[in-house]
Amino acid sequence: MITLTGSEAPYPGLVTLGATSDGLLQADLMTCRALLLDGTPEEVLEVARALALELGTCTWSDYSEILTAGLGTRLAGLLPQGRVRTMPHLPAVAADLGELLLEAHQNGEQVLPWLLISAGEYDEEHVAQLADALATGRGLQTAVVLPATAATRRVFPHAEVLDTTRDQDTVLAPLGLPVKLQRITDAEYRQYVHALEVSTQEAVPATGPWGFAESHKQPAAGGQPLTVRVTSADAQDPGNPFPALLAGRTPAPLPTVNEAENPAEGKTLADPPALPQQQAPHEPKSPVAAEAGEHAAVRIDMLGALRIAGGTGAVNAHSPRSAVVAALIHLRPGRSAEFLCQAMDPVNPWKASTLQSRISDLRSTLGLTQGGLPLLPRPKDGSGYSFHRSVTSDWEEFRQLASRGLAAGPQAGIADLEAAMALVRGKPFEGRNLPWADAAVQQMLSRITDTAHTLARWHTDGETPDLDAARRIIHQALEVEETSEVLYRDLLQIEFTADDTVALRRTAARLQQMARTYDITLEGHTEDMISLLLSGHPAPVTTS
């Protein structure tokens, strides 16, 4: 057997089979050596996917070679660190195992653990070739998961067999223990791949006031000049000799946006109109809201745990799910009942009666306008569900405040950015895993990061530096987006400027621990900055 040392996990083949009445049940594939999945091709694929994805992302299999066959090719290029390799067929798998055996012979058997997760039909000849290779390397840590076909049963007569039939518990023969197997359906797989694809896309350049957010390449307290703002047609005229003075004027209102578009349909959540300068962030934003009375002062809070602020204050057993429905309608106005049912649970869509019950609860919570109009009207003429225009959200207010503050610049905009960050109570949709909200949550995290970074720069590189205020805002933002390197670079530079060596080392250690936890390779710029600052040298100024 291979002796694992250092940071290598002692059980690289440990994987979750499913859940029992007492909790999760895990198995060590390296002990099992061969596991056969019995069921229809679709059922086998669902369970095999779950095993492959867990092995490809969990910490304890970090030092392993994980091969897949018959599971598709898209995941291999999307999972971090290239930990999963896709093989085209079983002969290629056997050939790869042969190369591993040769390497083990040449290197004294010091090779990585090797696992295969597969689905599909295979010729008995190819299965036999794989079995021969496994038998030759029985002294190595190897394991295979194959579909339980006639060929695999004959070639691996002593393999453990797992029944993958849906909608029933599987009884493990050695233990007599009923287990609900983990599986990934086609719909869940598409959502997972989409989320990974979005995470690897290049950032789209910001437009409108968000274009005035400070560059991520320039950390706070670095002494770099702040972004020059040009916010009027006159200021954009190259013949005008006083663009800076014109840029300081009250920014023009942003264009009105009636709906936040669905990012899943190729559009982005649009930036909202700017608040009038004299308006406080928590006051009603339109004459309609002012006329509607106290029940119209309803806000759906998403920047933290979901909740509905204002309204009648009615609470019942379904209130948490009603808040989810409210957030969905607010972010996707005009959608049909069928869309809402599917979005609330893509695997087991809600029944129409369930949705109507939640909608009824929501209407009770929201209440009426002063004129007796429901704040969640019934759909008319196929228009779908939409709130009365006086219903708002903390996310809408955040964007309004941040947009206005960014457009105003560091002299006049700090108060608005501070007010925007004050709305952030925690991670967006905290405690909820909602596939339909993934794109919105990512945009919220991006905007919060941009706002906090810009605010920190304005506090430290403006006319009256305030390291304490900048540090406080960065710590708040890191509680929300703990993987943001730009925020860590801000904090590193702030602590270096404050000459706080202990805090600087603590921040560097926190950043490196985050990278290990999430299996992230830090940017070269971040690594260089850590090395320079910890050695007492200032990081070079970046002007682009």
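Note on numbering: residues in each chain are counted from 1, in written sequence order. In keeping with the model being predicted, local features are shown solely for residues with a pLDDT of at least 70 and side-chain atom pairs are shown and tallied solely at 80 or more, while totals for entire chains, interfaces and linings include all residues. Just so you know, side-chain values use all the structure's heavy atoms and leave hydrogens and water out.

**Q** Before we move on, could you go through unusual backbone geometry and cite the residues and values that matter?
**A** Unlike most non-glycine residues, Arg 33 shows phi in positive territory, near 70°. In this text, helices come from DSSP runs of H or I with a minimum length of four residues, and strands from runs of E with a minimum of two, each type numbered from the N-terminal end. With respect to the helices and strands, the residue Arg 33 is situated in the loop between helix H1 (29-32) and strand S3 (34-38). Each residue's exposure class comes from its accessible area (1.4 Å probe, protein chains only) as a fraction of the maximum for that residue type: buried when under 20%, exposed when over 50%, partly exposed otherwise. Arg 33 gets classed as partly exposed once you look at its relative accessible area, which sits at 27%. Phi is positive for Asp 519, close to 55°, though the residue is something other than glycine. Along the chain, Asp 519 turns up in the loop between helix H18 (501-517) and helix H19 (524-534). Taking the relative accessible area as the measure of exposure, Asp 519 reaches 19% and is therefore buried.

**Q** How would you sum up the side chain of Asp 450? Please name residues and give values.
**A** Position of Asp 450 among the secondary structure elements: in helix H15 (residues 438-461). By definition, residues are in contact when any of their heavy atoms lie within 4.5 Å. With residues up to four places along the chain from it excluded, the contact list for Asp 450 reads Trp 210, Ala 213 and His 216.

**Q** Lay out the sheet that holds strand S9 (residues 170-172) in plain terms, naming residues and giving numbers.
**A** Pairs of strands are assigned from DSSP output, requiring at least two bridges between the strands. Spatially, S2-S1-S10-S9 is the arrangement adopted by the 4 strands of the open sheet, whose pairing is antiparallel. One side of each edge strand has no neighbouring strand; the edge strands of this open sheet are strand S2 (23-28) and S9. Taking the axes of each pair of neighbouring strands and ignoring which way they run, one obtains an average angle of 50° across the sheet. Alignment of strand S1 (residues 14-20) against strand S10 (residues 177-181), held across 2 bridges, turns out to be antiparallel. Bridging across to S10, Gly 18 finds its partner in Leu 181. Here an axis means a line fitted to C-alpha atoms, over the contact stretch when the element is a helix, while the angle between two N-to-C directions is reported on a 0 to 180 degree scale.

**Q** Report on the sheet that holds strand S12 (residues 307-309), specifying residues and quantitative values.
**A** Read across the sheet, 3 strands follow the order S12-S11-S13 without closing on themselves; strand pairing throughout is mixed. Because the sheet does not close on itself, it has two edges, and the strands there are S12 and strand S13 (392-393). Where strand S11 (residues 299-301) meets S13, 2 bridges bridge the pair, whose relative direction is parallel. What sits directly across from Arg 299, in S13, is Thr 392.

**Q** Break down the pattern of salt bridges for me, citing the residues and quoting the values.
**A** Salt bridges are defined by distance alone: a side-chain nitrogen of Lys or Arg within 4 Å of a carboxyl oxygen of Asp or Glu. Tallying each qualifying case throughout the model produces 19 salt bridges. Taking the shortest distance from any N to any O, the salt bridge between Lys 427 and Glu 482 comes out at 3.4 Å. With Lys 427 in the loop between helix H14 (414-422) and H15 and Glu 482 in the loop between helix H16 (467-480) and helix H17 (485-497), this pair connects stretches of sequence that are 55 residues apart. For Arg 510, the salt bridge is made with Glu 479, and the minimal N-O distance between the two is 3.8 Å.

**Q** I'd like to hear about the pairing of S1, residue by residue, with values.
**A** Across the 7 residues of S1, 5 count as buried, placing the element largely inside the fold. As paired strands, S1 and S2 are joined by 6 bridges and run antiparallel to one another. For Leu 14, the partnering residue across the bridge sits in S2 and is Asp 28. Where S1 folds back on S2, the antiparallel hairpin that results is connected by 2 residues.

**Q** Which residues make up helix H10 (residues 319-331), and what values go with them?
**A** End to end, H10 covers 18 Å across 13 residues, agreeing with the expected 18 Å (1.5 Å per residue, within 8%). Counting buried residues along H10, 11 of its 13 residues qualify, which places the element largely inside the surrounding structure. Those residues of H10 lying buried are Ser 319, Ser 322, Ala 323, Val 324, Val 325, Ala 326, Ala 327, Leu 328, Ile 329, His 330 and Leu 331. The span you would expect from a helix comes to 1.5 Å times its residue count less one.

**Q** Requested: an account of the nonpolar core, with residues and values cited.
**A** Side-chain atoms within 4.5 Å are what join buried Ala, Val, Leu, Ile, Met, Phe, Trp, Tyr and Cys residues into a set we call a nonpolar core. Among the nonpolar cores identified, the biggest contains 78 residues, and Met 302, Ile 329, Leu 362, Phe 387, Phe 398, Phe 429 and Trp 436 are the most heavily contacted of them. With 9 residues, the top contributor of residues to this core is H15. What Leu 362 contacts, discounting residues up to four positions off in sequence, is Ile 308, Ser 322, Val 325, Ala 326, Ile 329, Leu 376 and Phe 387. Leu 67, Leu 101, Val 111 and Leu 130 belong to the second largest nonpolar core, which has 28 residues in total.

**Q** Which residues make up H16, and what values do they have?
**A** Taking 1.5 Å of rise per residue, 14 residues should cover 20 Å, and H16 covers 20 Å from first to last C-alpha, within 8% of that figure. All buried positions along H16 are accounted for by Ala 469, Ala 470, Arg 471, Ile 473, Ile 474, Ala 477, Leu 478 and Val 480. If you check the start of H16, you find a side-chain oxygen 3.3 Å away from the backbone N of Asp 468, and it comes from Asp 466. Pairs of N or O atoms are called polar contacts if they sit within 3.5 Å, as long as, within protein, a hydrogen donor faces a hydrogen acceptor (for residues adjacent in sequence, only side-chain-to-side-chain pairs).

**Q** Pulling in residues and values, what's your account of the packing of H17 against H19?
**A** Each packed pair of helices is defined by two parameters, the angle between the axes and the distance between the axes. It is at 11 Å that the axes of H17 and H19 come closest, and there the two elements cross at 15°. Taken together, H17 and H19 sit at an angle that is classed as roughly parallel. Note that H17 runs across H19; the crossing there is left-handed. Here Glu 485, Arg 489, Leu 492, Gln 493 and Phe 496 of H17 come into contact with H19, specifically with His 525, Thr 526, Met 529, Ile 530 and Leu 533. Looking at the contact of H17 with H19 residue by residue, the classes come out as 5 nonpolar, 3 polar and 2 charged. Geometric relationships in this document are graded by angle, where less than 35 degrees denotes roughly parallel, more than 145 denotes roughly antiparallel, 65 to 115 denotes roughly perpendicular, and other angles denote oblique. Handedness of a helix crossing follows the sense of rotation of the near helix relative to the far helix, less than a right angle counterclockwise being left-handed and clockwise being right-handed. For this scheme, ten residues count as nonpolar: Ala, Val, Leu, Ile, Met, Phe, Trp, Tyr, Cys and Pro. Four count as charged, namely Asp, Glu, Lys and Arg, and the remainder, Gly too, count as polar.

**Q** Give me the lowdown on the packing of aromatic side chains, citing residues and values where you can.
**A** Each Phe, Tyr or Trp ring, with Trp reduced to its six-membered ring, pairs with another whose centre is within 6.5 Å; inter-plane angles below 30 degrees give stacked pairs, above 60 give edge-to-face pairs, and intermediate values give tilted ones. Considering all chains together, one arrives at 2 aromatic pairs under this definition. Geometrically, the ring pair formed by Trp 395 and Phe 398 is stacked, given 6.0 Å between the ring centres and 20° between the ring planes. With a gap of 3 residues between them, Trp 395 and Phe 398 both fall in helix H13 (residues 394-408), about one helical turn apart. Grouping residues by exposure puts Trp 395 and Phe 398 together as buried. The side chain of Arg 335 reaches across the aromatic face of Phe 339, ending 5.6 Å from its centre. Any Lys NZ or Arg CZ found within 6 Å of a ring centre and within 35 degrees of that ring's normal is scored as a charge over the ring.

**Q** Tell me what's going on with the environment of Leu 55, and back it up with residues and numbers.
**A** Here Leu 55 is to be found in helix H2 (residues 41-57). Judged by its relative accessible area of 0%, Leu 55 is buried. A sequence separation of 42 residues divides Leu 55 from Gly 13, and the C-alpha atoms of the two residues are 7.6 Å apart.

**Q** Tell me about the confidence of the model for the chain, and name the residues and values.
**A** For every residue, the predictor assigns a confidence score, pLDDT, that lies between 0 and 100. Here the chain shows a mean pLDDT of 80. Residues at 70 or above account for 79%. Here helix H8 (residues 243-247) stands out as the element of the chain with the lowest mean pLDDT, 33, in contrast to H16, whose mean of 95 is the highest. A low-confidence stretch, residues 1-7 stays under pLDDT 50, and its non-local contacts, those more than four residues away or across chains, total 12 contacts. Confidence over residues 232-296 falls short of pLDDT 50; this stretch has 104 contacts with residues more than four positions distant or in other chains.

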